[in-house]
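Below are the chains, spelled out letter by letter.
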Amino acid sequence: MLTNIEHIGIAVKDINASNELFTKLFNIAPYKSESVESEGVTTSFFKINATKIELLEATNQESAIAKFVEKKGEGIHHVAFEVDDILTEMQRLEKEGFILLNKEPKHGADNKLVCFLHPKGTNGVLIELCQEIK
Ligand SMILES: CC[C@@H](C(=O)O)C(=O)SCCNC(=O)CCNC(=O)[C@H](O)C(C)(C)COP(=O)(O)OP(=O)(O)OC[C@H]1O[C@@H](n2cnc3c(N)ncnc32)[C@H](O)[C@@H]1OP(=O)(O)O
Ligand SMILES: [Co+2]
């Protein structure tokens, strides 16, 4: 079952500059920074009550974030939903005809297993499923 929005991912060009900007906006500093080599990104996370924002800067040119920023510029890159059982949700969504971008859950940032759905099948919005690793 999809429960709540886990985070909103924002693609940025310069994470240090964006950390300063969003710290001013939210009046709170990021609680965490983490690089995820497999995704070619450096991230930082802000928490405003129940709302979590993930900033992502590309660390190489093959990264999804580098391609996105080059084509579309900075901005909202994906919406991530928390799920209680990622394997069950992946099977259900595949049966419903959604395009899974990874067939096995993979390790994301902030202690999560993640799976992405292709934006072609979701009205142009890249969706991420996240299950907390316990
Ligand atoms: C930090 C880890 C993790 C977490 O724990 O939270 C993350 O969030 S990692 C985030 C970065 N990783 C990913 O996004 C992985 C999943 N994404 C992909 O596999 C690819 O980006 C993609 C969605 C399959 C697109 O890749 P590709 O086909 O190689 O790129 P193109 O540039 O050719 O785009 C094709 C097509 O798709 C449109 N597009 C691309 N990205 C997005 C997006 N984020 N939202 C909406 N649409 C997107 C792109 O504009 C192209 O459209 P057309 O031009 O109309 O064909
Ligand atoms: Co994300």
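Structure: see above.
Residues numbered from 1 in each chain as written. Chains lettered and ligands numbered in written order. Predicted model: local features only at pLDDT ≥ 70, side-chain atom pairs only at ≥ 80, totals over all residues. Heavy atoms only, no water.

A. Structural detail: the overall build of the chain. Within the chain, the regular secondary structure consists of three helices and eight strands. Secondary structure elements of the chain, listed N to C terminal, follow the sequence β-α-β-β-β-α-β-α-β-β-β. The C-alpha radius of gyration computed for the chain amounts to 15 Å, which stays within 12% of the reference 14 Å derived for 134 residues, consistent with globular compactness. Taking the principal axes of the C-alpha coordinates as reference, the chain spans close to 45 × 30 × 25 Å. Buried positions account for 39% of the 134 residues belonging to the chain. The long-range fraction of contacts in the chain, counting pairs at least 24 apart against all pairs at least 6 apart in sequence, stands at 51%. Carbon and sulfur atoms make up 53% of the accessible area of the chain, which totals about 8,000 Å². Distance from the positive charge centre (15 side chains) to the negative charge centre (21 side chains) of the chain: 4 Å. (Helix = DSSP H or I, 4+ residues; strand = E, 2+ residues; numbered from the N terminus. Rg over C-alpha atoms; globule rule 2.2 N^0.38 Å. Buried < 20%, exposed > 50% of the residue type's maximum accessible area, 1.4 Å probe, protein only. Contact = heavy atoms within 4.5 Å. Areas by Shrake-Rupley, 256 points an atom, 1.4 Å probe, with all protein chains shown as cover. Lys, Arg positive; Asp, Glu negative; His and termini not counted. Charge placed at Lys NZ, Arg CZ, Asp CG, Glu CD.)

Functional significance is not addressed by these values, which are geometric in nature.
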